[in-house]
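Examination of the molecular architecture
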Amino acid sequence: MTTSSEIVIVGGGVVGASVAYHLAAKGLRDVLVLERETLGSGSTSKNAGGIRLQFSSEPNVRLSQRALAKLHAFQAELGVDPAFHKVGYLFLITEARDVGVFERSLALWQRLGVPARRLTGPEAGKLFPGCRVDDVILATFCPEDGYADPSSIFGGYVAGARRLGVTFRPGATVSAIEVVRGKVAAVEAGGERIPCGTVIDAAGPWASQIAALAGIDLPIRPLRRHIFVTDPVPGFDGEFPMTIEFASGFYCHRESGGVLLGMGDPDDPPGYDTSVNWDFLPKVVECALARVPALERARVKTGWAGLYEDTPDKHPVLGRDATVQGFVHAAGFSGHGLMHAPAAGELIAELLVDGMASLDLSPFRPSRFAEGALVAEHNVI
Ligand SMILES: Cc1cc2nc3c(=O)[nH]c(=O)nc-3n(C[C@H](O)[C@H](O)[C@H](O)COP(=O)(O)OP(=O)(O)OC[C@H]3O[C@@H](n4cnc5c(N)ncnc54)[C@H](O)[C@@H]3O)c2cc1C
């Protein structure tokens, strides 16, 4: 049993694993990851695998650009194929109120070198035969976007970190964080006191609970999100982009020969319940059939629910806490933690080992909430 560690990471999901791997890759060996349940059992095992550059804020786009480059190098670096399907993301805008933001986003993407383009409804229909587009007033498509296999990315980081000496301890619930004279001194897990100088909060939707153990107020809310998957649909078997009907938040992509359907329920209050609300399925099916009529022949074979880890401005919280020395934030990805984990892990490792990250982390600073300096992100579902 480890009795002390230089760095303790709380949370054995994709973010904790990526941070652990990148710290170890920079030569830190004394890294311990504490996970309450089994490794990867949180939101990491519940997500849709989507990877995209098409955000409306420059900080989120830059984070995605860094992450996408790392995803392309993933197999060479980790020896695991992340199964990236580069089918592109297609945003369908059907409400006039959303046009202005997407117009501004298109200008931002051009400035930042994101190869997303503006499409008319009929042009969008050519990219996704079978998709209803008569109500589409604007569409955007980025061919670099797509979806990957979450468990391969997660597994790649865990195996890579283990090879470099990181210890993962599942079944270890962090129940206390000892702060002495404003500085992290130890964590308590499973009745054991583990002295450490640095705690990294990678507890996803539970990150605010971990921060609270150190006396830090962190505004991250758990929001339940559902996914349903169909069997293969007779006569509907071609490739199509990851498609988002922006107004409703309905999205779909190909999954195991069938189709993955996702959507948020605006009536669902924040909370930790991850049971499937089957009463919500008809609403998803209604949106799905209106957008992709061929799904009438589909049979939903399974469904699950997981939690977004939502911040007030839909940007993650990354960096050292300003009030408790040795407390580091790596959470609040607001439903984009799989795609941002490769970049976030590397940037946190740079910050801790080199003293500075190679991407400006100031927009993600934890103190922005208290300062009232939020950075708006519009393109979230
Ligand atoms: C339905 C759905 C669809 C999504 N789709 C996408 C997508 O397409 N693309 C994308 O990028 N992202 C997506 N996401 C978001 C993505 O899944 C998350 O952002 C990401 O998994 C966050 O990873 P994490 O490691 O921070 O959190 P988690 O995987 O939740 O890991 C946090 C871990 O902390 C552990 N923990 C909590 N409390 C304690 C404690 N006291 N002690 C020890 N351990 C503790 C938990 O058990 C958990 O395993 C989606 C999420 C959902 C729910």
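As the structure is a prediction and not an experimental result, all values here were calculated from the model. For every chain, the first residue of the written sequence is number 1, and numbering continues from 1 along that sequence. The predicted origin of the model limits local features to residues at a pLDDT of at least 70 and limits the giving and counting of side-chain atom pairs to 80 or more, whereas totals for whole chains, interfaces and linings rest on all residues. Each side-chain value is derived from all of the structure's non-hydrogen atoms; neither hydrogens nor water enter the calculation.

1. Observations regarding the layout of surface pockets
Inclusion rule: Residues are said to line a cavity or pocket when one of their atoms sits within 4 Å of a point; the points come from a 1 Å grid over protein atoms alone, cavities being sets where a 1.4 Å probe fits but cannot get out and pockets being open sets with protein on both sides within 12 Å along at least five of seven lines. Grid points are joined across faces, edges and corners, and a volume is the space filled by probe spheres set on the points. Helix and strand definitions here come from DSSP, where helices need a minimum of 4 consecutive H or I residues and strands a minimum of 2 consecutive E residues; each element is numbered from the N-terminal end.
A volume near 360 Å³ is recorded for the second largest pocket. Looking at the second largest pocket, it is lined by 18 residues, and the ones nearest its centre are Arg225, Gly264, Pro266, Val380 and Ile381. Within the residue set of the lining of the second largest pocket, elements represented by two or more residues are strand 13 (221-230) and strand 17 (300-310).

2. Focus: the site of the ligand
Put simply, the rule reads: Only heavy atoms are used to decide nearness, and a residue is near a molecule or strand if one of them lies within 4 Å of it. Throughout this description, a polar contact denotes any pair of N or O atoms lying within 3.5 Å of each other; where both atoms belong to protein, one of them has to be capable of donating a hydrogen while the other can accept it, and for residues adjacent in sequence the pair is counted only when both atoms sit in side chains. Here, Shrake-Rupley sampling with a 1.4 Å probe gives the accessible areas, and only protein chains in the shown set may cover a residue. Residues are sorted three ways: Asp, Glu, Lys and Arg are charged, Ala, Val, Leu, Ile, Met, Phe, Trp, Tyr, Cys and Pro are nonpolar, and all the rest, Gly among them, are polar. The split into domains, and so the bounds of each, comes from an automatic or database assignment of domains.
In the region of the ligand, 39 residues are neighbours, and Glu35, Thr44, Gly50, Glu309 and Met339 sit closest. Side-chain polar atom of Thr44 to an oxygen atom of the ligand: 2.5 Å apart, as the coordinates give it. At 3.1 Å, a backbone N or O of Leu338 approaches an oxygen atom of the ligand. Protein burial of the ligand: of its 1,000 Å² of free accessible surface, 98% is covered by the chains. At 4 residues, strand 17 tops the list of elements feeding residues into the shell around the ligand. Across the shell around the ligand, the residue classes break down as 18 nonpolar, 15 polar and 6 charged. For the shell around the ligand, the two domains that each supply at least three residues are domain 1 (7-48 + 151-219 + 313-371) and domain 2 (86-145 + 221-310).

3. As for the nonpolar core
Worth spelling out the cut-off: To define a nonpolar core, start from buried Ala, Val, Leu, Ile, Met, Phe, Trp, Tyr and Cys residues and group those joined through side-chain atoms within 4.5 Å. Relative accessibility decides the category of a residue: with a 1.4 Å probe and only protein chains considered, values under 20% of the type maximum give buried, values over 50% give exposed, and everything between is partly exposed.
Of all hydrophobic cores here, the largest spans 71 residues; its most connected members are Ile9, Leu23, Ile200 and Leu318. Residues lining this core come from more than one domain, with at least three contributed by each of domain 1 (7-48 + 151-219 + 313-371) and domain 2 (86-145 + 221-310). In this structure, Cys131, Val133, Phe141 and Leu281 belong to the second largest nonpolar core, which totals 27 residues.

4. Some remarks on unusual backbone geometry
Its identity is not glycine, yet Arg181 carries a phi of approximately 45°, on the positive side. Position of Arg181 among the secondary structure elements: in the loop between strand 9 (174-180) and strand 10 (183-189). Take Arg181: its relative accessible area is 81%, and that puts it in the exposed class. In this model, Ser334 sits at a positive phi of 55°, which is unusual for a non-glycine residue.

5. A closer look at helix 4 (residues 99-112)
We count it as follows: A helix is expected to reach a length of 1.5 Å times the quantity of its residues less one. To be clear, the arc concerns the directions from the helix axis to the C-beta atoms.
Relative to the 20 Å expected for 14 residues at 1.5 Å per residue, helix 4 spans 20 Å between its end C-alpha atoms, a close match to the ideal helical length. Residues of helix 4 that are buried include every one of Val101, Phe102, Ser105, Leu106, Leu108, Trp109 and Leu112, and no others. The arc that holds every buried residue of helix 4, seen down its axis, measures 165°, which confines them to one face. Within helix 4, the exposed residues directed more than 90 degrees away from the buried face are Arg104, Gln110 and Arg111.

6. A few points about the packing of helix 2 (residues 58-72) against helix 9 (residues 337-354)
Put simply, the test is: Each axis is a line fitted through C-alpha atoms, and for a helix only the stretch in contact is used; angles between axes span 0 to 180 degrees, taken between their N-to-C directions. Relative orientations are named as follows: roughly parallel for angles under 35 degrees, roughly antiparallel for angles over 145 degrees, roughly perpendicular for angles from 65 to 115 degrees, and oblique for any other angle. Whether two residues are in contact is decided by their heavy atoms: any pair within 4.5 Å suffices.
Viewed as axis vectors pointing N to C, helix 2 and helix 9 meet at an angle of 95°, and their least axial separation amounts to 7 Å. Considering their axes alone, helix 2 and helix 9 lie roughly perpendicular with respect to each other. Note on element contacts: helix 9 touches helix 2 through Met339, His340, Pro342, Ala343, Glu346, Leu347 and Glu350, opposite Asn60, Leu63, Ser64, Arg66, Ala67 and Lys70. Among the residues forming the contact of helix 2 with helix 9, the class breakdown is 6 nonpolar, 3 polar and 4 charged.

In short, the description is geometric, and any link to function would need to be established separately.
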